[in-house]
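# Architecture and fold: a report
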Amino acid sequence: MSTILFELGCEELPPKSLKTLETALKTSLEKSLVDGQIAFDSIKSYASPRRLAVQIFNVASVTPDKVETKKGPAVKSAFDDAGELTKAGQGFLQGLNAGGLNLTKADLITLSDKKGEYIGYELTVKGESVDELLPRLMQKALDELPIAKRMRSGADKHEFVRPVKWVVLMRDGAVISATIQGHQASNQTCGHRFHAPDFVTISNANDYESVLENAYVIADFAKRQTLISEQVARLSDEVGATAIVPSELLDEVTALVDYPVALRATFPERFLAVPQEALISTMQADQKYFCLTKDGKLQPYFIFISNIDSTDKQAVILGNEKVVRPRLADAEFFFLQDQKQPLFALSESLKNRVFQEKLGTIWEKSERIAKLSAFIATQIGANVDNATRAGILAKCDLASTLVGEFPELQGVAGTYYAHLNGEPADVANAIAEQYLPRFAGDDLPKTDIGVCLALADRLDTLVGIFGIGEIPTGSKDPFSLRRASIGVLRILIEKKLQLNLVSLIEQAILNYGNKLPNLAKTFTDVMEFIHARYRPMYEDKGVAVDTILAVQAINPHMPLDFDDRIWAVQAFRAEPSAKTLAQNNKRVSNILTKAEGEINATIDEKLLTETAEKSLFTALVNAQNACKPLLEKADYQGILKTLVSLDTPLTEFFDNVMVNSDDVALKNNRLALLKQVRELFLSVADVGELIV
């Protein structure tokens, strides 16, 4: 057992893909080794700007021997009556010997299966040299890497994401002879492009990491990332600030450097008058800087990661400060330029900007949002005038120069400008909050007006796009309608809003006037689409699928009510009698479905002849009386706990009572009894859907 080292050296690899490439290389090799029955203990992967590498520990030198069973003709046709091989048997033996074996009749064995007995032979195949297999496995792993677009370098016919410069393939201290990506393998690797530009020798595969560290390369991605995080935290602490370190940015910066050296720089404090989101955006996206905040407010510092351990670090800092100033100055210019007119004045530009060709302009959308926001405000007790004003201003910042330069600031820029224009605070804040939540787990709007705006914007888009038949497919959802629907549900549920989707969607449709061709179909399609979002939303929370289906079966139109029912049914599943009750409810449903004609709404006590049906009737009446006040309070957990009392009576009913009696009156009365039992359960959910 020994260590295998493989390294592929390239020109600088795409930083946003480096981590993915590293993982894919390791995963592919692990699978190939397992599939090839090559014994090994573990694999460690490496990735830095100019290399992908793996160390495979305790690798076998040969694959295990394999036994291949060769199956011949049936015993009856392989031997004659004298026990000698027939032509069929001789042909099988000659075929085996043609492969270099020297076998006789005595070497053959008998094999059996369901169809009978056959002659055969167990051939032992010697294991292969792992070192001979490795080049092919390495090339296969490289060919399988998730590379969107491969390239060729000069006349080289081999393709890769970047030009390949060197290849290392070793077992312990020896080079494995191989040609990979058109390069002959060696034990020579390249260090840091500037600090150690010459090739260095790797004496042993186990020395890989230390050899590179001596050449100013931290090959381990995770180790390099930890060094960056520690340095950033130390420099932040020195000025009493907290660094903003998005995981995506940290990954990208880690992929850009071999030898990370964190440095802190400053920028002029005058730029802090600009919306900090714009400054942070340009420093992160354009310069790959980590910004510093204190109590949530941007500080005039930034941290950058250098790939050089310069002897004159101050010169490096000054260079970065010089580079960032024009970027911040641009943001400042756009911010000041926009303030030359009030936010509302930008609405004129929206009258010429198309939201969707069949649905009109962005200004028309703003008018619809304002109307729907006002309607929602009346439902939740918010300020109607402010909801209307917020709707009118909602999209104005799309015409601002700041958003033109920084599209991710839509809403945020509008909030800043609205505050500067003296708009009411809840109106101004709502402009940014309309886009919340932007993704799964994101914050929700904090203000009532923000809630109105966020709901109105999403519902208007849903109704409009469905109204013109642009229904999302499995792979295409250009208007992010799935995300919009989940956003609507999250707001209504988590903000505890007792709003009915029916009235909200009807109002949204009404605001479109005659723009939508089929209002009834639009309503149905939007309701079904939003209703279908419950399943993935609750599955993400660990709710069982059958629980979701049980509530969906009764189609509640109020999301908050749907949520209450979900958790009630989820709790009910833990009851000892849940399984029996679920099965009995399914049975009740099947009986009622097959019943012919209309089932009576009332139960005639005089027709209750069997002890079991009398007991069920008594338990039903008691449960109905107990559930009535609980239903008024929407205490669904309390209702289901009460309905557990029907478990034994319902079971005994099915054990002792024939529902489809020959006596029509008895039959109809028993169906009426079961109908009321089912209706009582359906007041919460269809528990017959549960698979407990």
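Here goes a summary of the coordinates provided.

About the thresholds
Residues numbered from 1 in each chain as written. Predicted model: local features only at pLDDT ≥ 70, side-chain atom pairs only at ≥ 80, totals over all residues. Heavy atoms only, no water. Core = buried A, V, L, I, M, F, W, Y, C linked by side-chain atoms within 4.5 Å. Buried < 20%, exposed > 50% of the residue type's maximum accessible area, 1.4 Å probe, protein only. Helix = DSSP H or I, 4+ residues; strand = E, 2+ residues; numbered from the N terminus. Contact = heavy atoms within 4.5 Å. Pairing = 2+ DSSP bridges. Expected span 1.5 Å × (residues − 1). Axes fitted to C-alpha atoms, helices over the stretch in contact; angles between N-to-C directions. Salt bridge = Lys/Arg side-chain N within 4 Å of Asp/Glu carboxyl O. 1 Å grid on protein atoms, 1.4 Å probe; cavity = no way out; pocket = protein on both sides within 12 Å on 5 of 7 lines; lining within 4 Å. Points joined across faces, edges and corners; volume = space filled by probe spheres on them. Nonpolar A, V, L, I, M, F, W, Y, C, P; charged D, E, K, R; others polar.

This part takes up the nonpolar core. In terms of nonpolar packing, the biggest core is built from 140 residues, with Met283 and Leu674 touching the most fellow members. It is helix α16 (residues 448-467) that contributes the most residues to this core, 12 residues altogether. The residues contacting Leu674, other than those within four sequence positions of it, are Val588, Ile591, Leu592, Leu616, Leu650, Phe653, Phe654 and Val659. Counting 37 residues, the second largest nonpolar core, distinct from the first, contains Leu18, Ile38, Ala141 and Val167.

This part covers the pairing of strand β5 (residues 109-113). Strand residues, when the strand is regular, have side chains that alternate between the two faces of the sheet. As paired strands, β5 and strand β6 (residues 116-125) are joined by five bridges and run antiparallel to one another. Bridged to Ser112 within β6 is Glu117. Between the end of β5 and the start of β6, which pair antiparallel, lie two residues.

Attention now moves to helix α23 (residues 578-594). Compared with the 24 Å implied by 1.5 Å per residue over 17 residues, the 24 Å span of α23 between its first and last C-alpha is a close match. When we look at burial in α23, the residues that qualify are Ala578, Leu581, Ala582, Asn584, Asn585, Val588, Ser589, Ile591 and Leu592. Buried residues in α23 make contact with α22 (559-572), α25 (636-643), α26 (647-656) and α27 (664-682).

On to the sheet that holds β6, then. Backbone-to-backbone hydrogen bonds pair the strands of a sheet. The strands run either parallel or antiparallel. Spatially, β4-β6-β5 is the arrangement adopted by the three strands of the open sheet, whose pairing is antiparallel. The open sheet has two free edges, formed respectively by β4 (66-74) and β5, since each of these has just one partner strand. Neighbouring strand axes in the sheet, compared pairwise and without regard to direction, differ in orientation by 45 degrees on average. Docked against the sheet, helix α3 (residues 87-97) engages β4 and β6, running at close to 155 degrees with respect to β4.

On to the sheet that holds strand β2 (residues 42-48). Pairing in this open sheet of five strands is antiparallel, and the strands run β2-β3-β1-β9-β10 from one edge to the other. A strand with exactly one partner marks an edge of an open sheet, and here the two such strands are β2 and β10 (174-175). Examined bridge by bridge, strand β9 (residues 164-171) and β10 share two bridges and lie antiparallel to one another. Looking at the pairing, Met170 lines up with Val175 of β10. The sheet contacts of helix α1 (residues 18-35) involve β2 and β3 (51-59), and relative to β2 the element is tilted by about 155 degrees.

The next thing to look at is the pattern of salt bridges. Scanning all chains against the criterion turns up 36 salt bridges. Residue Arg368 is joined to Asp460 by a salt bridge in which the shortest nitrogen-to-oxygen separation is 2.7 Å. Here Arg368 is found in helix α11 (residues 362-380), whereas its partner Asp460 is found in helix α16, with 92 residues between them in sequence. We note that Arg368, like Asp460, is buried.

Okay, empty space enclosed by the protein next. Under the defined criterion, the tally for this structure stands at two cavities of 30 Å³ or more. Here the largest cavity is characterised by a volume of approximately 60 Å³. Met151, Arg152, Ser153, Asp156, His158, Glu159, Phe160, Arg162, Pro163, Val164 and Gln181 are the residues that line the largest cavity. Taken together, the elements giving at least two residues each to the lining of the largest cavity come down to β7 (151-152) and β8 (159-160). When grouped by side-chain class, the residues that make up the lining of the largest cavity number four nonpolar, three polar and four charged. In terms of lining, the second largest cavity is formed by Leu501, Met527, Ile530, His531, Tyr534, Asn555, Pro556 and His557. Among the elements that take part in the lining of the second largest cavity, helix α19 (residues 519-532) stands out by supplying three residues, more than any other. Residue classes in the lining of the second largest cavity are distributed as five nonpolar, three polar and no charged.

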